[in-house]
Amino acid sequence: MVNIEKIKEKKSIKELLEFGIINIDKPSGPTSFDVSDFVRKSLGLRKTSHFGTLDPKVTGVLPIALNRACKLTGFFLGEDKEYVGIMRIHEDVSLEKLKEAIKNFTGKIKQLPPVKSRVKRQEREREVKSFEILEKVEKDILFRAEVQGGTYIRKLIHDLGVALGVGAHMLELRRTRAGIFKEDDEKYPSITIYELEKAMKDEEELRKSIIPGEVISQIYPVVQIREESAERILRGQPIYEKNLAEKYNFNADNKISVFSGDKFIGIFKVVSEDKIFAKPEFVLQPIS
């Protein structure tokens, strides 16, 4: 493991803005793109991107990548998400019947994306890790769900209503976790747009709001390479076994976070062929 806090301490605010992430608490109303674009314009950045779209009315965790950290977006997408929401069933049913129906929507399920979604409308398999009822007040049900990335919660609720034979729709939805990003994380809690605006007036407060892009190492295991090999690998050379600082055992196709000490090199895929240990998928080129 690498020490993210130590890496952050060494970086200037300019370096953090060049390769960082801000965990935004999205409000109801704007689109995810609107929020991302607001961050870009407010901080004077070249580009920003968000890790997973939230519908305009949905609130909660929306990590925003800054400048070169945008290249990490694809490596964060697909991580598990957690939601808390309120659904309304169109006719009252017993709590027992509701819990029984939910059993069929836990585990591996088939989902057809909504008509308004931007993805191709073909049935896909997704996993619902947990789906629990927190409270029921007549036809309104407070629930919590942990799901595989790419699962449509509104569609999940709609399909549950169909299975119950009474119909159901979403009243409110909030994302409380997106992969490693949480609304109440001790080190990197989500911040509102208004808190970000306030932080921009104080460099130290702004620093607190930015998560170094090296946090990707919390998803993909860290592999250390020899310092003398770093320059060649940053130019695109694959990692040979002789470049490794120590011996590692990974299966082919495993993705890894490659470092030379505290210096992030990039994301590589293990291939283990002809003495080549891994090939680059993303390399963080030094700024010229």
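Residues take numbers from 1 onward in each chain, read along the sequence in its written order. pLDDT decides what is reported in this predicted model: residues at 70 or higher carry local features, side-chain atom pairs at 80 or more are listed and counted, and totals for whole chains, interfaces and linings draw on all residues regardless. Side-chain metrics in this entry use all non-hydrogen atoms of the structure; hydrogen atoms and water are not considered.

Novice: Where do I start with the environment of Pro286 in this structure?
Specialist: Along the chain, Pro286 turns up in the segment after strand S15 (276-283). Separated by 58 residues in sequence, Pro286 and Glu228 place their C-alpha atoms 16 Å apart. Beyond its immediate sequence surroundings of up to four residues, Pro286 is in contact with Arg68 and Leu234. Strands are runs of DSSP state E lasting at least 2 residues, helices are runs of H or I lasting at least 4, and numbering of each runs from the N terminus. The criterion used for residue contact is that any of the two residues' heavy atoms lie within 4.5 Å.

Novice: Looking at this structure, how should I read the pairing of strand S14 (residues 263-273)?
Specialist: Two faces belong to every sheet, and in a regular strand the side chains alternate between them. Pairing of strand S13 (residues 255-260) with S14, which is carried by six bridges, proceeds in the antiparallel orientation. Residue Ser257 lies in a different strand from S14, and its bridge partner there is Ile267. Paired strands, in this sense, are two strands between which DSSP finds at least two bridges. Where S13 hands over to S14, the hairpin turn is made up of two residues, of which Gly261 adopts a positive phi near 70°. Examined bridge by bridge, S14 and S15 share six bridges and lie antiparallel to one another. Each residue of the ladder has a partner; that of Val270, found in S15, is Ala278. From the end of S14 to the start of S15, which pair antiparallel, there are two residues, and Asp274 there has a positive phi angle of about 50°.

Novice: I tried to follow the side chain of Ser36 on my own but got confused; where do I start?
Specialist: With respect to the secondary-structure elements, Ser36 resides in helix H3 (residues 32-43). For each residue, the accessible area found with a 1.4 Å probe, counting protein chains only, is set against the maximum for its type, and the residue is called buried under 20%, exposed over 50%, and partly exposed in between. Residue class for Ser36 comes out buried when judged on its relative accessible area of 4%. Not counting residues within four places of it along the chain, the set of residues in contact with Ser36 comprises Thr48, Ser49, His50 and Ile64.

Novice: Would you mind showing me how to read the sheet that holds strand S11 (residues 222-224) here?
Specialist: Working definition: the strands of a sheet are paired by backbone hydrogen bonds and lie parallel or antiparallel to each other. The five strands lie next to each other as S11-S13-S14-S15-S12, forming an open sheet whose pairing is mixed. Strands at the two margins of the open sheet, each flanked by one partner only, are S11 and strand S12 (239-240). The pairing of S12 with S15 spans two bridges and is antiparallel. Bridging across to S15, Ile239 finds its partner in Ala278.

Novice: Is there a simple way to explain the pattern of salt bridges in this structure?
Specialist: For side chains of opposite charge, pairing can occur when their charged atoms come near one another. Counted as salt bridges are all cases of a side-chain nitrogen of Lys or Arg within 4 Å of a carboxyl oxygen of Asp or Glu. Following the criterion strictly, the structure yields 23 salt bridges and no others. Among the ionic pairs, Lys6 bridges to Asp262, the shortest N-O distance being 3.7 Å. Of this pair, Lys6 sits in helix H1 (residues 4-10) while Asp262 sits in the loop between S13 and S14, and the two are 256 residues apart along the sequence. Two residues, Glu231 and Arg235, come together in a salt bridge whose shortest N-O distance is 3.1 Å. Comparing Glu231 with Arg235, the two get one shared label, exposed.

Novice: Any chance you could explain the nonpolar core here in plain terms?
Specialist: Among soluble globular proteins, nonpolar side chains are generally buried collectively. Joining through side-chain atoms within 4.5 Å is the link that ties buried Ala, Val, Leu, Ile, Met, Phe, Trp, Tyr and Cys residues into a set, and such a set is a nonpolar core. Ile22, Ile24, Phe131, Phe143, Ile153 and Leu160 are the most contacted members of the largest nonpolar core, which totals 44 residues. When near neighbours in sequence (up to four residues on either side) are disregarded, Phe131 contacts Met87, Ile102, Phe105, Thr106, Phe143, Arg144, Ala145, Leu156, Ile157 and Leu160. With 27 residues, the next largest nonpolar core counts Val2, Ile4, Phe76 and Tyr188 among its residues.

Novice: Help me understand the layout of surface pockets in this model?
Specialist: Space left empty within the atom packing is revealed by a probe, the size of a water molecule, rolled over the atoms. Reported here for the second largest pocket is a volume of approximately 350 Å³. Note on definitions: the grid is 1 Å and covers protein atoms alone; a cavity is a set of points where a 1.4 Å probe fits but cannot get out; a pocket is an open set with protein on both sides within 12 Å along at least five of seven lines; lining residues have an atom within 4 Å of a point. Lining the second largest pocket are 15 residues; nearest its centre among them are Lys11, Glu15, Glu214, Lys263 and Leu284. For the lining of the second largest pocket, the secondary-structure elements that each account for two or more residues are H1, helix H2 (13-18) and S14. Considering only residue class, the lining of the second largest pocket consists of six nonpolar, one polar and eight charged. Grid points are joined across faces, edges and corners, and a volume is the space filled by probe spheres set on the points. Lys, Arg, Asp and Glu make up the charged group, whereas Ala, Val, Leu, Ile, Met, Phe, Trp, Tyr, Cys and Pro make up the nonpolar group; the residues left over, Gly among them, are polar.

Novice: Just checking my understanding: could you explain the packing of aromatic side chains for this structure?
Specialist: Geometry of an aromatic ring pair is reported as the spacing of the ring centres plus the angle between the planes. Planes of paired rings set the category: under 30 degrees apart is stacked, over 60 is edge-to-face and the rest tilted, where pairs are Phe, Tyr or Trp rings (Trp by its six-membered ring) whose centres lie within 6.5 Å. For the structure on display, the rule yields nine aromatic pairs. By way of ring pairs, the aromatic residues Phe19, Phe259, Phe264 and Phe282 are connected into one cluster. The side chain of Lys242 reaches across the aromatic face of Tyr240, ending 5.9 Å from its centre. Two conditions define a charge sitting above a ring: the NZ of Lys or the CZ of Arg must be within 6 Å of the ring centre, and it must be within 35 degrees of the ring normal.

Novice: Even after reading the chapter, I still don't get empty space enclosed by the protein, so can you show me in this structure?
Specialist: The final tally for this structure, using the stated rule, is one cavity of 30 Å³ or more. Of the volumes computed, that of the largest cavity is approximately 60 Å³. If you trace the largest cavity, you find it lined by Phe51, Pro63, Phe76, Leu77, Glu79, Lys81, Ala178, Gly179, Ile180, Phe181 and Ile219.

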